[in-house]
Number of protein chains: 2
Amino acid sequence: MDTQSSRRQATRAKLYEAAVTLIAEQGFSATTVDEIAERAGVAKGTVYYNFKSKTELFEELLRHGVGLLAASLREAADQTERQGGTRVEALDAMIRAGLVFIHRYPAFTQLYVAELWRTNRAWQSTLMVVRQEAVAVVEAVLTEAVNRGELSEEIDVPLTASALVGMVLVAALDWQAFQRERSLDDVHAALSRLLHGRVGGC
Amino acid sequence: MDTQSSRRQATRAKLYEAAVTLIAEQGFSATTVDEIAERAGVAKGTVYYNFKSKTELFEELLRHGVGLLAASLREAADQTERQGGTRVEALDAMIRAGLVFIHRYPAFTQLYVAELWRTNRAWQSTLMVVRQEAVAVVEAVLTEAVNRGELSEEIDVPLTASALVGMVLVAALDWQAFQRERSLDDVHAALSRLLHGRVGGC
DNA sequence: ATCTTTGAACTGACCAGTCAGTGCAAAAAG
DNA sequence: CTTTTTGCACTGACTGGTCAGTTCAAAGAT
């Protein structure tokens, strides 16, 4: 990577950073390009030099963010694998990785949740791709667990994956928004208990 | 109720109905008052005759919707109580009630999720109140379950409540958006299994 | 020499909120 | 019974402001 393009990378990173915060706080339509440029410490012209439009900036932001998340989930699953852990342990590790990600990028998560189920939006198809990328990682581990006999074959993989993702997503966002004082370990312990069936008993 | 005020009620209902769909699809800022009026089949002026502003219309919509949800959850819990069910059974009934509600009012749910964790918004305080109303019902049943010895005292009530709500919310929205063909019973069974610990096994 | 950024000016579409006026049903006056 | 008045509910053209996107000449970086 030459110095020119890394300079561009840096500018784009500043714009992502500014946009993600503002859009998480206010929503896409309520956020102006002037605001994004100002927060990024960059001229408005620079935004349009680096991105075709406001919408395209947002779409690339989504791709960029979910790429990080999926990588982090996969990393957690693989590491458990390498250490000879069970697939249920891998799920637990992924829950923690999810919490760490949300803790580090709360704005991105907020924005993702706010946009995911909207219909009729320009970036609808981008979101579908990006969602599948994340959910697929969870589904893969669930399927493996079933194949290895760690989990009952009666489990509904897609629905269970959704439910697990939702559990982590909502608990983490609530933690960030309304229960800041709790530690990551507290939150992880509560979710882990639910995963391992120590809530509703057996 | 005289003819005048029932006419107003009808107009307001039409406006709620129009607004909830449009805002769920497009978001608050991207939805114009002209669109809402047109979809409701009234003139723009009528919106401002019935509501102080676009924001106030939205806030009253939120209050109205969460009122319905909280009532429906409480109803499920109470009915289980009356039939002598355990508190864990009550939680299961509430999960189903939640799914039924989301199935009936998907647009409202979408919109609630999209706005809940936004900061710096005008209706922030309305949302806090409204969220508490719904979460409190779940927390109450969890606390009762702990008091009666049905659940371990080590359970973290607020976090577990968040996680349960998130599980239902995300699974239901994913069901509506991406897996329309599944039946309510399928979804309920998958969530119930998670609640009763038949996923991570004991 | 080439790539990237700046910043200010401009355009045209779009939109929240306003307001003078219409329609109508029920009450009051004749 | 008929006419007039009252005021609620609604209408839609209009206004003042905002914002995405464009343009471009000049400056800065490599």
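Residues numbered from 1 in each chain as written. Chains lettered and ligands numbered in written order. Predicted model: local features only at pLDDT ≥ 70, side-chain atom pairs only at ≥ 80, totals over all residues. Heavy atoms only, no water.

Under the annotation held in an unreviewed UniProt entry, chain A carries the name TetR/AcrR family transcriptional regulator and is attributed to Streptomyces pyxinae.

Visitor: I'd like to hear about the packing of helix H7 (residues 124-147) of chain B against helix H8 (residues 157-178) of chain B, residue by residue, with values.
Guide: In a pair of packed helices, the angle between the axes and the distance between the axes together describe the arrangement. Residue and element names in this part refer to chain B. Where H7 contacts H8, the two axes come as close as 9 Å, and the packing angle between them is 115 degrees. Put simply, H7 runs roughly perpendicular to H8. Considering only the axes of H7 and H8, their crossing is right-handed. Contacts between H7 and H8 pair Arg131, Val135, Val138, Glu139, Leu142 and Thr143 from the former with Val157, Pro158, Thr160, Ala161, Ser162, Leu164 and Val165 from the latter. Broken down by class, the residue content of the contact of H7 with H8 amounts to eight nonpolar, three polar and two charged. (Axes fitted to C-alpha atoms, helices over the stretch in contact; angles between N-to-C directions. Helix = DSSP H or I, 4+ residues; strand = E, 2+ residues; numbered from the N terminus. Parallel < 35°, antiparallel > 145°, perpendicular 65-115°, else oblique. Left-handed = near helix turned anticlockwise from the far one by under 90°. Contact = heavy atoms within 4.5 Å. Nonpolar A, V, L, I, M, F, W, Y, C, P; charged D, E, K, R; others polar.)

Visitor: Which residues make up the protein's contact with DNA strand C, and what are the values?
Guide: In the vicinity of DNA strand C, 17 residues are found, and the nearest of them are A:Thr11, A:Thr46, A:Tyr49, B:Lys44 and B:Tyr48. The contact atoms of DNA strand C, taken as those within 4 Å of the protein, divide so that sugar and phosphate hold 72%. One of the side-chain nitrogen or oxygen atoms of B:Lys44 is found 2.8 Å away from a base nitrogen of DNA strand C. Of all the secondary-structure elements, those providing two or more residues to the surface near DNA strand C are helix H1 (3-26) and helix H3 (44-50) of chain A together with helix H3 (44-50) of chain B. For the surface near DNA strand C, the per-class residue count stands at five nonpolar, eight polar and four charged. (Near = heavy atom within 4 Å. Polar contact = N/O pair within 3.5 Å; in protein donor to acceptor, adjacent residues only side chain to side chain.)

Visitor: Any chance you could break down the nonpolar core for me, citing the residues and the numbers?
Guide: Counting residues in hydrophobic clusters, the biggest one holds 146 residues, and the most contacted among them are A:Leu191 and B:Leu191. When residues no more than four places from it in sequence are discounted, the contact partners of A:Leu191 are A:Ile95, A:Leu99, A:Met167, A:Val168, A:Ala171 and B:Ala163. (Core = buried A, V, L, I, M, F, W, Y, C linked by side-chain atoms within 4.5 Å. Buried < 20%, exposed > 50% of the residue type's maximum accessible area, 1.4 Å probe, protein only.)

Visitor: Describe in detail the UniProt feature "DNA-binding region" (unreviewed entry) in chain A, supporting the description with residues and values.
Guide: UniProt records the feature "DNA-binding region" (unreviewed entry) for residues 32-51 of chain A in the present numbering. Note that residues 32-51 of chain A is 75% helix and 0% strand, and that its end C-alpha atoms are spaced 15 Å apart. (UniProt positions renumbered as here; feature names shortened; annotations may be inferred.)

Visitor: So what's going on with the pattern of salt bridges? Which residues, and what values?
Guide: The tally for this structure, following the rule as stated, stands at 25 salt bridges over all chains. Between A:Asp185 and A:Arg96 there is a salt bridge, with its nearest N and O atoms 2.2 Å apart. Of this pair, A:Asp185 sits in helix H9 (residues 184-195) while A:Arg96 sits in helix H5 (residues 87-104), and the two are 89 residues apart along the sequence. Assessed through its relative accessible area of 47%, A:Asp185 is described here as partly exposed. A relative accessible area of 29% means that A:Arg96 is categorised as partly exposed. For B:Arg12, the salt bridge goes to B:Glu60, with nearest N and O atoms at 3.0 Å. Of the two residues, B:Arg12 is situated in helix H1 (residues 3-26) and B:Glu60 in helix H4 (residues 54-82); the sequence distance between them amounts to 48 residues. (Salt bridge = Lys/Arg side-chain N within 4 Å of Asp/Glu carboxyl O.)

Visitor: Can you explain the side chain of B:Glu59? Please cite residues and give values.
Guide: Residues and elements named next belong to chain B. Tracing the sequence through the fold places Glu59 in helix H4. Although Glu59 lies buried, it forms no salt bridge, and the closest oppositely charged side chain, Arg63, sits 4.9 Å away as judged by the N-O distance. Beyond its immediate stretch of four places on either side in the chain, Glu59 contacts Ala122, Trp123 and Thr126. (Lys, Arg positive; Asp, Glu negative; His and termini not counted.)

Visitor: Explain the interface of chain A and chain B to me, and be specific about the residues and the numbers.
Guide: Listed per partner, the contact involves 52 residues of chain A and 53 residues of chain B. Surface buried jointly by chain A and chain B totals about 4,800 Å² across both partners, of which 61% is contributed by carbon and sulfur atoms. Summed over the shared surface of chain A and chain B, the number is six salt bridges. Residue A:Arg193 pairs with B:Glu154 through a salt bridge whose shortest N-O separation is 3.0 Å. Taken together, chain A and chain B are joined by 15 residue pairs in polar contact (both at pLDDT 80 or more). Every element with two or more residues in the side of chain A that touches chain B is listed here: H1, helix H6 (106-116), helix H7 (124-147), helix H8 (157-178) and H9 of chain A. (Buried area = accessible area lost by both parts, 1.4 Å probe.)

Visitor: I'd love a proper account of the domain arrangement of chain A, names of residues and values included.
Guide: Residues and elements named next belong to chain A. Here chain A is described as being made up of domain 1 (1-51) and domain 2 (55-195). Averaged C-alpha coordinates put domain 1 and domain 2 at centres separated by 26 Å. Residue-level contacts link 11 residues of domain 1 with 13 residues of domain 2. Contact between domain 1 and domain 2 buries roughly 1,100 Å² in total, counting both sides, with carbon and sulfur atoms accounting for 79%. The interface formed by domain 1 and domain 2 includes one salt bridge. In this assembly, domain 1 and domain 2 are joined by two residue pairs in polar contact (both at pLDDT 80 or more). Looking at the side of domain 1 that touches domain 2 element by element, the count peaks at eight residues for H1. For the side of domain 1 that touches domain 2, the residue count by class is eight nonpolar, one polar and two charged. (Domains from an automatic or database assignment.)

Visitor: An account of helix H4 (residues 54-82) of chain A is needed here, citing residue identities and associated values.
Guide: Over its 29 residues, H4(A) extends 42 Å from the first C-alpha to the last, a length consistent with the 42 Å expected when each residue adds 1.5 Å. Downstream of H4(A) by a residue or two, A:Gly84 has a phi angle that is positive, lying close to 70 degrees. (Expected span 1.5 Å × (residues − 1).)

Visitor: I'd like to hear about the environment of A:Met167, residue by residue, with values.
Guide: On the secondary structure map, A:Met167 appears in helix H8. Residue A:Met167 is classed as buried on the basis of its relative accessible area, which comes to 0%. Between the C-alpha atom of A:Met167 and that of A:Ser53, which follows or precedes it by 114 residues, the distance is 34 Å. Not counting residues within four places of it along the chain, the set of residues in contact with A:Met167 comprises A:Ile95, A:Leu191, A:Leu194, B:Ala163, B:Gly166 and B:Met167.

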